[in-house]
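Examining the three-dimensional arrangement
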Amino acid sequence: MGSPIVVMGVSGSGKSTVGAALAQRLRIPFADADDFHPAANVAKMTSGQALTDDDRYPWLEAIGAWLAQHCGEGGVMSCSALKRKYRDQLRRHCPDVEFLHLSGSPEVIGARQASRPGHFMPASLLASQFDTLEPLEPDERGIVVDVDQDIDAVVDSYVASSATRPTEQENR
């Protein structure tokens, strides 16, 4: 069927919304990485503290296990995956995973984030997310799509580009 897709980006970029819409369009399972956080991580973020790499490791392992279950049949996971080493950790579970990086300016993302009451990521951590973000590198499977457009346009951009990209196996 296909490789799993990780919809990545900073908090407020639309990962969950775009991920759910993409999974629905492709008729494959969807999961939100926020649901994989242990309670201690949620408590830490709610109090305004950024997670450390040690906090993220078991969370990324749980996400990687989900990706491994969907390797080959496809699935969509929304996950910030801000650093290359986090994406490398996910790739260890499913080497063919593809990334859809939802990119936007701090102003666009901040405005989106301000419209999400009750989300556990306070807007004050947005600057640290942008500081942490390491864009996809040329050797990473994936594309970057600007989020300053409606959800259908973002999904259309991904679907159109994936139809023209060779698969990992065709590259071998």
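Residues numbered from 1 in each chain as written. Predicted model: local features only at pLDDT ≥ 70, side-chain atom pairs only at ≥ 80, totals over all residues. Heavy atoms only, no water.

With that settled, the discussion passes to the state of the cysteines. In the structure shown here, the tally under the stated rule is 1 disulfide. Each sulfur of the disulfide joining Cys71 and Cys94 lies 1.9 Å from the other. Judged by the sign of its S-S torsion, about 85 degrees, the cystine formed by Cys71 and Cys94 is right-handed. Residue Cys71 is located in the loop between α3 (53-69) and β3 (76-78), and its partner Cys94 is located in the loop between α4 (84-93) and β4 (98-103); the two are separated by 23 residues in the primary sequence. (Disulfide = S-S within 2.5 Å. Helix = DSSP H or I, 4+ residues; strand = E, 2+ residues; numbered from the N terminus.)

So, on to the pairing of β4. In terms of burial, β4 is largely enclosed, as 5 of its 6 residues are buried. Pairing analysis gives 4 bridges linking strand β1 (residues 5-8) to β4, with the strands arranged parallel. By the bridge assignment for β4, Ile5 is matched with Glu98. Where β4 lies against strand β5 (residues 142-146), 5 bridges are found, and the strand directions are parallel. Bridging from a neighbouring strand, His101 pairs with Val144 of β5. (Buried < 20%, exposed > 50% of the residue type's maximum accessible area, 1.4 Å probe, protein only. Pairing = 2+ DSSP bridges.)

Applying the stated criterion across every chain yields a total of 13 salt bridges. In this structure, Arg141 engages Glu98 in a salt bridge whose closest nitrogen and oxygen atoms are separated by 3.2 Å. Of the two residues, Arg141 sits in the loop between α6 (126-132) and β5 while Glu98 sits in strand β4, which places them 43 residues apart along the sequence. With respect to burial, Arg141 and Glu98 carry one shared label: buried. What emerges from the salt-bridge pattern is a single network uniting Arg84, Arg87, Asp88, Arg91, Glu137, Asp139 and Glu140. (Salt bridge = Lys/Arg side-chain N within 4 Å of Asp/Glu carboxyl O.)

On to helix α7 (residues 151-164). The terminal C-alpha atoms of α7 lie 21 Å apart, and with 14 residues this matches the ideal 20 Å at 1.5 Å per residue to within 8%. Considered for burial, the residues of α7 that qualify are Val154, Val155, Tyr158 and Ser161. Along the axis of α7, the buried positions cluster into a sector of 135 degrees, meaning they face one direction only. Residues of α7 that are exposed and point more than 90 degrees away from the buried face comprise Asp152, Ala163 and Thr164. Tucked inside the fold, the buried residues of α7 contact β1, α1 (15-26), β4 and β5. You can read the cap of α7 off the contacts: a side-chain oxygen lies 3.2 Å from the backbone nitrogen of Asp152, and it is on Asp150. (Expected span 1.5 Å × (residues − 1). Arc of directions from axis to C-beta. Contact = heavy atoms within 4.5 Å. Polar contact = N/O pair within 3.5 Å; in protein donor to acceptor, adjacent residues only side chain to side chain.)

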